[in-house]
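The lines below spell out each chain.
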Amino acid sequence: KLRTDRTPRMSIRALAAASGVSKTHIVDIEKGAVSPTHAKLCSIARGLGLEVSAMCVLSETLDAAAAAAAVAREQAEAERRDAEVARRKADSAARTRRRQKQREREKRARS
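Residues numbered from 1 in each chain as written. Predicted model: local features only at pLDDT ≥ 70, side-chain atom pairs only at ≥ 80, totals over all residues. Heavy atoms only, no water.

Q: Could you clarify how one ought to interpret the overall build of the chain in this entry?
A: Secondary structure summary: the chain contains 5 helices and 0 strands in total. Listing every helix and strand of the chain by position from the N terminus yields α-α-α-α-α. Residue pairs at least 24 apart in sequence account for 50% of intrachain contacts in the chain once pairs closer than 6 positions are excluded. With the model as given, the accessible surface of the chain reaches about 8,100 Å², and the carbon-plus-sulfur share is 53%. (Helix = DSSP H or I, 4+ residues; strand = E, 2+ residues; numbered from the N terminus. Contact = heavy atoms within 4.5 Å. Areas by Shrake-Rupley, 256 points an atom, 1.4 Å probe, with all protein chains shown as cover.)

Q: How should the packing of helix H2 (residues 12-19) against helix H4 (residues 38-48) be read in this particular structure?
A: Two packed helices can be described by the angle between their axes and the distance between those axes. Between H2 and H4, the shortest axis-to-axis distance is 8 Å and the interhelical angle comes to 115 degrees. One finds that H2 runs roughly perpendicular with respect to H4. As for how H2 packs across H4, the hand of that crossing is right-handed. Within the contact between the two elements, H2 uses Leu 15, Ala 18 and Ser 19 and H4 uses Ser 43, Ile 44, Gly 47 and Leu 48. Class assignment for the residues of the contact of H2 with H4 results in 4 nonpolar, 3 polar and no charged. (Axes fitted to C-alpha atoms, helices over the stretch in contact; angles between N-to-C directions. Parallel < 35°, antiparallel > 145°, perpendicular 65-115°, else oblique. Left-handed = near helix turned anticlockwise from the far one by under 90°. Nonpolar A, V, L, I, M, F, W, Y, C, P; charged D, E, K, R; others polar.)

Q: Which parts of the structure should I look at to understand the packing of H2 against helix H3 (residues 23-31)?
A: The N-to-C vectors of H2 and H3 enclose an angle of 115 degrees; their axes lie 9 Å apart at closest approach. Relative to H3, the element H2 is oriented roughly perpendicular. Viewed along their axes, H2 and H3 form a crossing whose handedness is right-handed. Between H2 and H3, the contacting residues are Ile 12, Arg 13, Leu 15, Ala 16 and Ser 19 on the first element and Lys 23, Ile 26, Val 27 and Glu 30 on the second. Class assignment of the residues belonging to the contact of H2 with H3 gives a composition of 5 nonpolar, 1 polar and 3 charged.

Q: Any chance you could explain a positive patch on the surface here in plain terms?
A: A cluster of basic side chains, namely Arg 95, Arg 97, Arg 98, Arg 99, Lys 101, Arg 103, Arg 105 and Arg 108, defines a positive patch on the protein surface. Structurally, Arg 97 is set in helix H5 (residues 52-110). Taking relative accessible area as the criterion, Arg 97 reaches 47% and is therefore assigned partly exposed. (Patch = residues over 30% accessible without salt bridge, like charges linked within 9 Å, V, L, I, M, F, W, Y side chains within 5 Å. Salt bridge = Lys/Arg side-chain N within 4 Å of Asp/Glu carboxyl O. Lys, Arg positive; Asp, Glu negative; His and termini not counted. Charge placed at Lys NZ, Arg CZ, Asp CG, Glu CD. Buried < 20%, exposed > 50% of the residue type's maximum accessible area, 1.4 Å probe, protein only.)

Q: Could you clarify how one ought to interpret the nonpolar core in this entry?
A: What tends to happen in soluble globular proteins is that the nonpolar side chains get buried as a cluster. Core analysis: the biggest nonpolar cluster contains 11 residues, these being Leu 15, Ala 16, Val 21, Ile 26, Ile 29, Cys 42, Ile 44, Ala 45, Leu 48, Val 52 and Met 55. At the level of secondary structure, the elements contributing two or more residues to this core comprise H2, H3, H4 and H5. Counting residues per element, this core draws most heavily on H4, at 4 residues. (Core = buried A, V, L, I, M, F, W, Y, C linked by side-chain atoms within 4.5 Å.)

That is the geometry; function is a separate question.
What follows is the structure, encoded as C-alpha cells:
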C-alpha cells in the first residue's frame, strides 16, 4: 500500500531522502517482502507528509477495494460459467431435436 501513498507524490529516491529509510527497504516494503517496524512506518509517514493513521485508513480502504474487486471477478466468472453451461445445454437440445426430425424423415421415407 506504500506505493499508493508514494506514487502521486514522490519517487522512491525522494521518499528515502525525506524519511531516512533506504531505497532498498522502501522497495522491499512495497513488494511486501518485509513489514516495516513502527519506527520505520512513522519515518515513512513523515516523509510522505502523512499521519500514520491516515496510512492505516488508506490500507484498510485498499484492502476492502481489493476484496470487492475479487468478489466481482468471482461473480463475473460464475456468470460466464453459467452462460457457457446454458449454451451447451441449448446446443445439446438443438442436436437432439435435429436427430429426432431426421429419424422422423427417414421413417416417413421408408413408409
